[in-house]
Amino acid sequence: MLFGTYKITLLKHLNVSATYIGIISSVLSIMIGKMSTLSNKFNEKYKNKTLTIIGLIVTLSFILAGAISIMENPFGAKISIIILLYIIESVSGGVHGFIQNRYISNFAKPEILTKLYSANSMISNLLRMLVAFIGTIVLDCFNIKYVMIMVGILFTVIMYLLYRYSKSKLGLKAEEYKKSDIVYER
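Okay, so let's go over this structure. (Residues numbered from 1 in each chain as written. Predicted model: local features only at pLDDT ≥ 70, side-chain atom pairs only at ≥ 80, totals over all residues. Heavy atoms only, no water.)

With that settled, the discussion passes to the overall build of the protein. Looking only at helices and strands, one finds eight helices and zero strands in the protein. Ordered by position from the N terminus, the helices and strands of the protein form the series α-α-α-α-α-α-α-α. Counting the 186 residues in the protein, one finds 31% classified as buried. Considering only intrachain contacts with a sequence separation of at least 6, the fraction spanning at least 24 residues in the protein is 77%. Surface summary for the protein: the accessible area is close to 11,700 Å², and the carbon and sulfur share equals 67%. (Helix = DSSP H or I, 4+ residues; strand = E, 2+ residues; numbered from the N terminus. Buried < 20%, exposed > 50% of the residue type's maximum accessible area, 1.4 Å probe, protein only. Contact = heavy atoms within 4.5 Å. Areas by Shrake-Rupley, 256 points an atom, 1.4 Å probe, with all protein chains shown as cover.)

What the rule picks out here adds up to one salt bridge. Glu89 is the salt-bridge partner of Lys7, the closest N and O atoms lying 2.6 Å from each other. In this pair, Lys7 is assigned in helix H1 (residues 2-13) and Glu89 in helix H5 (residues 75-104), connecting sequence segments 82 residues apart. Its relative accessible area of 10% is what places Glu89 among the buried residues. (Salt bridge = Lys/Arg side-chain N within 4 Å of Asp/Glu carboxyl O.)

Helix H7 (residues 144-166) packs onto helix H6 (residues 110-141) with a crossing angle of 140° between their chain directions and a minimal axis gap of 10 Å. Classified by the angle between their axes, H6 and H7 sit oblique to one another. Handedness of the H6/H7 crossing: right-handed. Across from Val131, Val138 and Leu139 in H6, the residues of H7 making contact are Ile144, Val147, Met150 and Phe155. Classifying every residue of the contact of H6 with H7 by side-chain character gives seven nonpolar, no polar and no charged. (Axes fitted to C-alpha atoms, helices over the stretch in contact; angles between N-to-C directions. Parallel < 35°, antiparallel > 145°, perpendicular 65-115°, else oblique. Left-handed = near helix turned anticlockwise from the far one by under 90°. Nonpolar A, V, L, I, M, F, W, Y, C, P; charged D, E, K, R; others polar.)

Following this line, the structure appears as structure tokens:
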């Protein structure tokens, strides 16, 4: 949500018309849908590093979009590169939701899947709300070009820390997990 708002705000700041922003957003949405159908192939290729790779692609595309917007490039080249970065980010994001749900439900029994999905939705939405609130405050204080870079760097660091934490926890076979990691007690 925050990244989507920032992407549109950057395009507005670069004086891209609302019509073109709408067209760009539509194309990106279609690409997200198309890529979600290819999530299995992506996951087979990168295994337990899939979510980390997706996260890094998204955050690095934000850093680069912010950096490109600051540079004194011709308008057409600048917008083309930024849209290309948005496409790369959208392609990655299309895979993310399906892979995340697969990891969440890997070893869950059918009777607790609803509770897992509900807890995941509540926590994700609370975090989105917090990030969006902080993101609007940051956007009020700084130019969107610099905010893209700052947020990209911040989320790259967060992705790295999550990778380090989850490295020993994702993509393992059932017998490789500690029992305390996969047991659900009522």
